Amino acid sequence: QPSLQTLLSSFYECRYKELLTALCEVTDSLGRDVYLRPHAKYVFREVRVRAYAQFLTAYKSVTMSRMAEQFGVSDAFLDEELCTLIAADRVNARMDKAGGIVETTRPDVKSALFVKTVKEGDALLNRIQKLSKIVDV
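A quick note: this is a predicted structure, and the numbers were derived from the prediction, not measured.

A.B. asks: What exactly am I supposed to notice about the packing of aromatic side chains here?
C.D. replies: Two measures describe an aromatic ring pair: the distance that separates the ring centres and the angle between the ring planes. Within this structure, the stated rule accounts for five aromatic pairs. Between F55 and Y59, the ring centres sit 5.0 Å apart and the planes meet at 40°, which makes this aromatic pair tilted. Residue class for Y59 comes out partly exposed when judged on its relative accessible area of 29%. The structure contains a cluster of three or more aromatic residues connected by ring pairs, namely Y16, Y52, F55, Y59 and F71.

A.B. asks: Help me out: how do you make sense of a nonpolar patch on the surface in this one?
C.D. replies: A surface patch of nonpolar side chains, amounting to about 350 Å² of accessible area, comprises V34, Y35 and L36. As for its position among the elements, L36 is in the loop between α2 (16-32) and α3 (40-57). The exposure class of L36 is partly exposed, given its relative accessible area of 39%.

A.B. asks: Sorry if this is basic, but what is going on with the pattern of salt bridges here?
C.D. replies: Pairing of side chains with opposite charge becomes possible as their charged atoms draw close. Tallied over the entire structure, the rule returns eight salt bridges. A salt bridge links R15 to E18, with the shortest nitrogen-to-oxygen separation between them at 2.9 Å. Between R94 and E103 there is a salt bridge, with the nearest N and O atoms lying 3.4 Å from each other. Exposure remark for E103: the relative accessible area of 32% places this residue in the partly exposed category.

A.B. asks: Just to check I follow, could you spell out helix α5 (residues 75-87) for this structure?
C.D. replies: Turn by turn, an α-helix covers 3.6 residues, leaving residues three or four places apart pointing in a common direction. Between its first and last C-alpha, α5 extends 18 Å over 13 residues, near the 18 Å set by a 1.5 Å rise per residue. Following α5 by one or two positions, D89 adopts a phi angle in the positive range, close to 65°.

A.B. asks: I keep staring at the sheet that holds strand β3 (residues 101-104) and nothing clicks. Help me out?
C.D. replies: Remark on secondary structure: sheet strands pair via backbone hydrogen bonds, oriented parallel or antiparallel. Strand order in the open sheet made by the three strands is β1-β3-β2, with antiparallel pairing throughout. In this open sheet, the two edge strands, each paired with only one partner strand, are β1 (61-63) and β2 (93-96). Averaged over all adjacent pairs, the angle separating strand axes in this sheet is 20°, with direction ignored. When β2 meets β3, the two strands line up antiparallel, connected through four bridges. Bridged to D96 within β3 is I101. Where α5 meets the sheet, its contacts fall on β2 and β3, and the angle it forms with β2 comes to roughly 135°.

Basis of the calculations
Residues numbered from 1 in each chain as written. Predicted model: local features only at pLDDT ≥ 70, side-chain atom pairs only at ≥ 80, totals over all residues. Heavy atoms only, no water. Phe/Tyr/Trp six-rings, centres within 6.5 Å; stacked < 30°, edge-to-face > 60°. Buried < 20%, exposed > 50% of the residue type's maximum accessible area, 1.4 Å probe, protein only. Patch = residues over 30% accessible without salt bridge, like charges linked within 9 Å, V, L, I, M, F, W, Y side chains within 5 Å. Areas by Shrake-Rupley, 256 points an atom, 1.4 Å probe, with all protein chains shown as cover. Salt bridge = Lys/Arg side-chain N within 4 Å of Asp/Glu carboxyl O. Helix = DSSP H or I, 4+ residues; strand = E, 2+ residues; numbered from the N terminus. Expected span 1.5 Å × (residues − 1). Pairing = 2+ DSSP bridges. Axes fitted to C-alpha atoms, helices over the stretch in contact; angles between N-to-C directions. Contact = heavy atoms within 4.5 Å.

Written as structure tokens, this is what we have:
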């Protein structure tokens with residue numbers, strides 16, 4: 001399908017306005033398929049999330065108007081969508097609504113791994129202590 005090819009090539013080449021146009025066409029065709037219809041909204045949302053994340057990785061901060069221009073959507077739509085995605089922790093960014101700026105936040109992988117390891121270690125120690133109480137009784 002030409003629209004699927006356009007979708008993939010525009011995502012790969014970071015042409016986001018074309019990406020959203022092709023995404024609408026692909027989602028419409030998915031909606032007409034009896035087996036894929038239940039998944040059309042999911043595909044539409046996930047491709048947009050990936051596109052926003054891909055766009056933001058190239059910037060430390062970017063204005064909302066510039067991002068909306070690149071995606072071919074209104075500032076209000078992008079503002080609402082990014083607020084939802086940031087709140088759901090789907091996009092690593094912060095928004096300055098007063099200044100109209102989106103700032104990317106780079107997740108610190110080492111710190112996250114350390115916190116995860118400490119939590120797992122605490123859980124293991126708790127289980128061992130509970131087991132030792134059962135064995136001593």
